[in-house]
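# Structural overview for review
So you can see what is in the structure, the chains are spelled out below.
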Amino acid sequence: MDLIERRPEGLYCPAGDFWIDPMRAVPRALVTHGHSDHAARGMGAYLCTTGTLPVIRHRLGKITAEAMAYGERRQIGAVTVSFHPAGHVPGSAQIRVERGGEVWVAAGDYKVEGDALCEAFEPVPCDTFLTETTFGLPIFTWAPEAEVLTAMRDWWAGNAAEGVTSVVLAYSFGKAQRILAGLAGLDLPGPLACHPTVEAVTEVLRAAGYALPATGEVSPGALVIATPQGMASDWALSLGLHRVAAASGWMALAARRKGVDRAFVLSDHADFPGLNAAVEATGAGRVICLHGYREAFALWLRGRGYEAEAW
Amino acid sequence: MEELAAFLEGGAATGARFAAHGFAMPEQAAAVLAGRRVMGMGEIWARASEGLPEGVAAACLAACGDRAEAAALLMGRAEGDPVGLEEVLAVRSEGVFALARRMEPVERAWFFRLISGARRSVVVEEAGGPGECLAVLTMVEGAQGQFAVRRGNGLVPLVKLPLGPHGAEVLAWARGAVLERFGPLRSVRAEQVFRIAWEAKVVNKRRKLGFDLVGARVVDWERGASVDQIAEG
């Protein structure tokens, strides 16, 4: 019997009677990270990492939740589970499930390249690896983060010299703070600011001990990190003269670059070489592909000798 | 070469003007001007998707919705030379000719261009510059001659060119030197040697010699030269 099964609610471990990142209400959920497509409302109890807990409490309100440190082991039913860094967003984890020497790892979302904020991805040896494949095509290859952030800083400097505010669209949790932390190490041409939604999450992470630079009010020449929803609100009227950039892996595709003055290809997901490297590093013979280009990536892996399937 | 540059500088860059000078498209002219090879989209895609399972290549195309873009992203992966968005934008704004001149000599570069709403791209590679050599006339078709150079013991086609100022005289000779006729095409005795000059060599693997000549012309009819003197291809 497989250690982890695909069910309508999400990934289910029958031997432990728990779900991983379920999207429908279940009694017990193990959550890889705090994004809403992995940590949904309505679960009887949540189990996640200590880095994720403050974020899901902030997002989901009053919940029954417990946290574990990376590497800590816990017996749940007939299996032993542990959380291991995924490098995706602060607190993000891969979930290792072991029973009688057989090991499965549900990677959740992950990124192999390190950054200035997240706990670095840790390859976890296993027999079966459940990998995300959001960017599981060979057209997706990221430039080093330092290169992208330097380009962002230079774009910002050009705008600031004209007295124009720079707005970078990014997810409110993870990408936004990664940019803040990454830019903080560079020579900055002006102050940093955030949309209130981004600022609230940033404050949660500061309180959790993540080192993030100070952010202030929006002012001409500042770099403001905002969400697309924020730009559609009245808040955007306070920006004055501004230019808008987007930071996402999807910016690699020309069709996705519409509507912004500038695009930065910066992703919190592994690129194609990263996915391959992660799969290889686990030593897994069986790989299950989830999300995104799962069929194509499974096909690619089968061509390389893996037992691979798309769920 | 200066003549070509002057042509590119002057007037509207219409397809007809480029076609009149033997170029399939403006990008090709610009690439040749920069001394580089041009590949068509079919060859680009074949190279870019080489080694990929069919389903993966198809998914790449579907994701991009554009063969040029998918090829560019894949070539970046394969050859460690990712396409810079900045370059794409630069070409859109300043035009391909300006970019061709501004670029440092590189082994390979991409030109993107928006024409009638469709993005096209070409890959350009290094090729040879101007030169000249002796070649023997092997065929005559109308007022054009096929010239060849030696390779081993045989002759290999080099270029097909207008016969130029010697045309009438060469045709008169050819009428008495026909070996075989194929419609208007006359195969002639390989004994008349001409000096051929060109502005650029562009790699073309479909040619037996492995390249095309650009800006080629007959410089002179070397009446005293023998076939033994012609160049080794």
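Everything here concerns the structure above.
Description of the structure in this document. (Residues numbered from 1 in each chain as written. Chains lettered and ligands numbered in written order. Predicted model: local features only at pLDDT ≥ 70, side-chain atom pairs only at ≥ 80, totals over all residues. Heavy atoms only, no water.)

### A word on the side chain of A:Thr80
Residues and elements named next belong to chain A. The residue Thr80 is located in strand S8 (residues 79-85) in this model. By relative accessible area, Thr80 is classed as buried at 18%. Within polar-contact distance, the side chain of Thr80 engages the side chain of Gln75 at 3.0 Å. In this structure, Thr80 is in contact with Arg73, Arg74, Gln75, Arg96, Val97 and Glu98, ignoring residues within four places of it in sequence. (Helix = DSSP H or I, 4+ residues; strand = E, 2+ residues; numbered from the N terminus. Buried < 20%, exposed > 50% of the residue type's maximum accessible area, 1.4 Å probe, protein only. Polar contact = N/O pair within 3.5 Å; in protein donor to acceptor, adjacent residues only side chain to side chain. Contact = heavy atoms within 4.5 Å.)

### With respect to the environment of A:Val105
Residues and elements named next belong to chain A. Within the secondary structure, Val105 is located in strand S10 (residues 102-106). Its relative accessible area of 0% is what places Val105 among the buried residues. Expressed as a C-alpha distance, the spacing of Val105 and Ser82, which sit 23 residues apart in the sequence, is 9.5 Å. Apart from the residues lying within four places of it in its own chain, the contact partners of Val105 are Gln94, Ile95, Arg96, Val124, Cys126, Thr128, Phe129 and Leu130.

### Notes on the interface of chain A and chain B
Across the boundary between the two partners, chain A contributes 14 residues, which contact 17 residues of chain B. Roughly 1,400 Å² of surface becomes buried between chain A and chain B when both sides are summed, with 74% attributable to carbon and sulfur atoms. On the chain A side of the contact with chain B, A:Pro138, A:Ile139 and A:Trp300 bury the most area, a combined 37% of that side's loss. Connecting chain A to chain B are zero salt bridges. Joining chain A to chain B, the criterion identifies zero residue pairs in polar contact (both at pLDDT 80 or more). At the level of elements, strand S16 (262-264) and helix H7 (294-303) of chain A are the ones that each hand at least two residues to the side of chain A that touches chain B. Ranked by residue count, the leading element in the side of chain A that touches chain B is H7(A), at three residues. Residues that form the side of chain A that touches chain B fall into these classes: 11 nonpolar, one polar and two charged. (Buried area = accessible area lost by both parts, 1.4 Å probe. Salt bridge = Lys/Arg side-chain N within 4 Å of Asp/Glu carboxyl O. Nonpolar A, V, L, I, M, F, W, Y, C, P; charged D, E, K, R; others polar.)

### Overview of empty space enclosed by the protein
A probe matching the size of a water molecule, rolled over the atoms, marks out where space remains unfilled. All names here are of chain A. According to the stated counting rule, one finds one cavity of 30 Å³ or more in the structure shown. Reported here for the largest cavity is a volume of approximately 40 Å³. For the largest cavity, the full set of lining residues is Lys111, Glu113, Trp142, Ala143, Glu145, Arg178, Val265, Leu266 and Ser267. Its residues placed into classes, the lining of the largest cavity shows four nonpolar, one polar and four charged. (1 Å grid on protein atoms, 1.4 Å probe; cavity = no way out; pocket = protein on both sides within 12 Å on 5 of 7 lines; lining within 4 Å. Points joined across faces, edges and corners; volume = space filled by probe spheres on them.)

### Description of the sheet that holds strand S17 (residues 286-290) of chain A
All names here are of chain A. Read across the open sheet, the seven strands follow the order S7-S8-S9-S10-S11-S17-S18; overall the sheet is mixed. In this open sheet, the two edge strands, each paired with only one partner strand, are strand S7 (73-76) and strand S18 (307-310). With direction set aside, neighbouring strand axes in the sheet form an average angle of 20 degrees. Here five bridges tie strand S9 (residues 93-99) to S10, and the two strands are oriented antiparallel to one another. (Pairing = 2+ DSSP bridges. Axes fitted to C-alpha atoms, helices over the stretch in contact; angles between N-to-C directions.)

### Quick notes on unusual backbone geometry
Residues and elements named next belong to chain A. Although it is not a glycine, Asp17 adopts a positive phi angle of roughly 50 degrees. Of note, Asp17 is situated in the loop between strand S2 (10-13) and strand S3 (18-20). In this structure Asp17 comes out as partly exposed when scored by relative accessible area, which is 42%.

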